[in-house]
Amino acid sequence: MAPDSAETSRALEQCERDLDLAIERLVSLRLDPKDEDDAGEGFAPPDNAAAHRAPAPALAPAGGISNRGGWVERLMGEMASAGDVGDARARAARFLGDFLAAERDGALRENGMLKKAVLVQYHRHKKGEAANAELRRQLAGCQERVRSLETDNYALAMYLRRAQPQGGAIVGSFHPEVF
């Protein structure tokens, strides 16, 4: 006797998170009316049905899936199109392999981007250090010129003091900043 959809729904609700348990419960419900005479055995299609069944289609490529929802939809589609428990396990294994390969590819791509970012930062840091070294060199040159000017100013001041007569001021009109 074939169960109705209420029994199927109840079996799926009870095994919501455990795929293997859900498959076992659905198999125990004997959903295939051709297998009603094999009541004591597990779900197995008759030999002639297995011979006429088309081969399982290959999994869709994972290239376009970029979020969790897409992966969940793909898994649900694969499990819904599985013909039996063995096919479901094979599809789940292929799906898991594709998922892990996509995750690995994504991690490698992110790693490459991080390496490039670190390299760019390193070059910027080196350029900054070179610019700082050039500024320090220019500052040292400016400080040397200032010291030289101070020395020259002191020498001029001493020369002017010696040139002045001992007791008096220099006669005439001179610019005040020179003295």
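Residues numbered from 1 in each chain as written. Predicted model: local features only at pLDDT ≥ 70, side-chain atom pairs only at ≥ 80, totals over all residues. Heavy atoms only, no water.

Q: For this particular structure, what's the right way to read the packing of aromatic side chains?
A: Aromatic rings in a pair are described by how distant their centres are and how their planes are angled relative to each other. What the rule picks out here adds up to 3 aromatic pairs. Seen from their ring centres, Trp 71 and Phe 95 are 5.6 Å apart, and the 75 degrees between their planes marks the pair as edge-to-face. Of this pair, Trp 71 sits in helix α4 (residues 68-80) while Phe 95 sits in helix α5 (residues 85-163), and the two are 24 residues apart along the sequence. This pair shows no difference in class: Trp 71 is buried, exactly as Phe 95 is. (Phe/Tyr/Trp six-rings, centres within 6.5 Å; stacked < 30°, edge-to-face > 60°. Helix = DSSP H or I, 4+ residues; strand = E, 2+ residues; numbered from the N terminus. Buried < 20%, exposed > 50% of the residue type's maximum accessible area, 1.4 Å probe, protein only.)

Q: Got a minute to help me understand the pattern of salt bridges in this structure?
A: For side chains bearing opposite charge, pairing can occur when the charged atoms are close. By the definition in use, this model includes 7 salt bridges. A salt bridge links Asp 87 to Arg 91, with the nearest nitrogen and oxygen atoms 3.2 Å apart. Of this pair, Asp 87 and Arg 91 both sit in helix α5, separated by 4 residues, roughly a single helical turn. By relative accessible area, Asp 87 is classed as buried at 16%. The shortest N-O distance in the salt bridge between Asp 105 and Arg 104 comes to 3.2 Å. (Salt bridge = Lys/Arg side-chain N within 4 Å of Asp/Glu carboxyl O.)

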